[in-house]
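# Architecture and fold: a report
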Amino acid sequence: MMETKGKSEAGRTVFGISWNVFLLGIISFLNDMSSEMINPIVPSYLISVLREGQMISGSVMGAIESVSSLFKVAFGYVSDKFRKRKAFVFAGYALSTLAKGALAFTRYWWDFLGLRVLDRVGKGIRTAPGDALIAESSEKGKSGKSFGFHRMMDTLGAVAGPLVTIGLLELLRNLPPGKAYRYIFALSAIPGLLALVVVLLFIKDRGREVKKRIKGISTLRDRNLQLFLTIVAIGALGRYSYAFTLWKAEALGYTVIQSTAFYALFNLIYAFSAYPIGACSDGFGKKRMITLGFGVAALAALSFAYAHSLPALLAAFVLYGLYVAIEDTVPRAYMADLAREYEKGTIIGAYHTIFGVFVFPASVIAGWLWQSYSLTHAFLFSAAMNLIALALMATIRE
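Residues numbered from 1 in each chain as written. Predicted model: local features only at pLDDT ≥ 70, side-chain atom pairs only at ≥ 80, totals over all residues. Heavy atoms only, no water.

### Things to note about the overall build of the protein chain
The cut-off we apply is this: The helix count covers DSSP runs of H or I at least four residues long, the strand count covers runs of E at least two residues long, and both are numbered beginning at the N terminus. For every residue, the accessible area (1.4 Å probe, protein chains only) is compared with the maximum for its type, and the residue is labelled buried under 20%, exposed over 50%, or partly exposed between those bounds. Contacts are assigned to residue pairs that have any heavy atoms within 4.5 Å of one another. The accessible surface values rely on the Shrake-Rupley method and a 1.4 Å probe; as for residues, cover is taken only from the protein chains in view.
From N to C terminus, the protein chain includes 17 helices and three strands. A total of 398 residues make up the protein chain; the buried ones form 59% of that total. Residue pairs in contact within the protein chain that sit at least 24 positions apart in sequence constitute 85% of those at least 6 positions apart. Here the protein chain has roughly 15700 Å² of accessible surface; of this, 67% comes from carbon and sulfur atoms.

### With respect to the pattern of salt bridges
Short version of the rule: The rule for a salt bridge is simple: a side-chain nitrogen of Lys or Arg has to be within 4 Å of a carboxyl oxygen of Asp or Glu.
Taken as a whole, this structure holds eight salt bridges when the rule is applied. E136 is paired through a salt bridge with R85; the nearest N and O atoms lie 2.5 Å apart. Within this pair, whereas E136 is found in helix α6 (residues 109–136), its partner R85 is found in helix α5 (residues 85–102), the two being separated by 51 residues in sequence. Overall, E136 belongs to the buried group, its relative accessible area being 3%. Across the pair D154 and R151 runs a salt bridge, and its minimum N-O distance is 3.4 Å.

### Examining the confidence of the model for the protein chain
Low-confidence regions, as indicated by low pLDDT, have predicted coordinates that should not be scrutinised in detail. Here is the rule we go by: Every residue gets a pLDDT, meaning the predictor's confidence in that residue, from 0 to 100.
Put simply, the protein chain has an average pLDDT of 82, and 85% of its residues get 70 or more. By mean pLDDT, the top-scoring element of the protein chain is helix α17 (residues 375–393) (94), and the lowest-scoring one is strand β1 (residues 2–3) (42). The model gives residues 1–8 a pLDDT under 50, and that stretch makes nine contacts with residues more than four places away or in other chains. Low pLDDT, under 50, characterises residues 209–217; the predicted model gives this stretch 15 contacts beyond four residues in sequence or across chains.

### Regarding the packing of aromatic side chains
Aromatic ring pairs: the centre-centre distance and the angle between the two ring planes describe each pair. Defined as follows: Between 30 and 60 degrees the pair is tilted, below 30 it is stacked and above 60 it is edge-to-face, where a pair is any two Phe, Tyr or Trp rings, Trp via its six-membered ring, whose centres lie within 6.5 Å. Charge-over-ring contacts are defined here by two conditions on Lys NZ or Arg CZ: a distance within 6 Å of the ring centre and an angle within 35 degrees of the ring normal.
Using the criterion set out here, one finds 24 aromatic pairs in the structure. Where Y254 meets F262, the ring centres are 5.0 Å apart and the plane angle is 85 degrees; that geometry is what we call edge-to-face. For Y254, a relative accessible area of 23% puts it in the partly exposed group. Judged by its relative accessible area of 8%, F262 is buried. Through a chain of ring-to-ring contacts, the aromatic side chains of Y240, Y254, F262, Y263, F266, Y270, F304, F317, Y320, Y323 and F379 assemble into a single cluster. Geometry around F284 places R288 over its ring, the cationic atom sitting 5.4 Å from the centre.

### Re a nonpolar patch on the surface
Rule in force here: Within the patch definition used here, like charges are joined within 9 Å and nonpolar side chains (Val, Leu, Ile, Met, Phe, Trp, Tyr) within 5 Å, considering only residues with over 30% relative accessible area and no salt bridge.
On the surface, a nonpolar cluster with roughly 390 Å² of combined accessible area is contributed by V197, L200, L201 and F202. The residue V197 is located in helix α9 (residues 189–202) in this model.

### Comments concerning the nonpolar core
In globular proteins that are soluble, nonpolar side chains generally tend to be buried together. What counts, and what does not: Here the nonpolar core consists of buried residues drawn from Ala, Val, Leu, Ile, Met, Phe, Trp, Tyr and Cys, with membership extended through side-chain atoms lying within 4.5 Å.
F228 and Y320 are the most contacted members of the largest nonpolar core, which totals 101 residues. In this structure F228 touches I290, P331, Y334, M335, Y351, M393 and I396, once residues within four positions along its chain are discounted.

### Topic: the packing of helix α1 (residues 19–38) against α9
Keep this limit in mind: Axis lines are fitted to C-alpha atoms, over the contacting stretch for helices. Their N-to-C directions set the angle, which ranges from 0 to 180 degrees. Note on angle classes: values under 35 degrees are labelled roughly parallel, values over 145 roughly antiparallel, values of 65 to 115 roughly perpendicular, and the remainder oblique. Each crossing is labelled by how the near helix is turned from the far one, with a counterclockwise turn of less than a right angle marking it left-handed and a clockwise turn marking it right-handed. Three classes are used: nonpolar for Ala, Val, Leu, Ile, Met, Phe, Trp, Tyr, Cys and Pro, charged for Asp, Glu, Lys and Arg, and polar for all others, with Gly counted as polar.
In contact at an axis separation of 7 Å, α1 and α9 are set at 160 degrees when each is read in the N-to-C sense. The angle between α1 and α9 falls in the class roughly antiparallel. In the crossing of α1 with α9, the sense of the turn from one axis to the other is left-handed. Across the interface between the two elements, N20, L23, I27, L30, N31, M33, S34 and M37 from α1 touch A189, P191, G192, L194, A195, V198, V199 and F202 from α9. For the contact of α1 with α9, the residue count by class is twelve nonpolar, four polar and no charged.

Structure follows, in structure tokens:
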């Protein structure tokens, strides 16, 4: 229920969360719809249109997912220093929208990679400041709920995007695949442009009056936090790109349109579980929820490794959706709770950077295992990394 009467905009709430968080959720929905219009066709575009092999394709996907994180701690720190989150959020979304639309003009793996990297740089600019803005706009003790809502809206966009792509593929089915894919790349910029309008006109900075000069990143010296970031790195080594799940479906004989439907199912599970998972973590305990997430991740990887039937493959995508819902939602809230007020952007950015640095070798290793042995070996490696991370979580003190 919307609660607005008699309240200033700063105190306005929608469905129990702040107006700013609600709008950031809408923006994330539009941007992720834009991204997910193109993500399901990227694996096929690389293999069947650009005609790249497994090693190059796996490495390209890993680089795309990793590079944004290299910028997150830097822009998180800068946004802490200037206390202006909105400018970074707008710049990041603008860069990503431009890069996605320009994919329509790519002809080789290297210009494709360049634009995808530019898109991810945009993500790197906006993510930590955006997460810090969510934390600053949240009621004390309810950060999990706010981040859960944001991830839910983000992933509802990730459900809408593939569904739009399925419709476009049907409409463009008489065109050569390369031409159809390029039309979809161009159209993907439209939701991104709408997101920019909402950021520009409606989002408000909520930085509290705190000391602006950071004298020391004291929270990063905490043993528990250092151990957690080490565990994040190990878990990230088991975070294979979503492209491997689509390649698995195609290896079992499913078409690109059918694989896109599987991908939509994954995002549907992710979307509708992220919000309750985030809200539940506020009471259940964020550390316990993250530990559970590593266990679900291992089960998902094992399910993909040994899936040979439709029910088994569906179960794998469901588990994958639950795993990503936990691990993309709760660690952000966990880091926001640990961080001091004046360094939330820096601390959240450190988490994203560590995660991203290790996601790249994860996809390179998975691509090598696929090329040298089989996709099964790539998923087994992921399961092993997540089980190690799960075991290490037990050593972190509450």
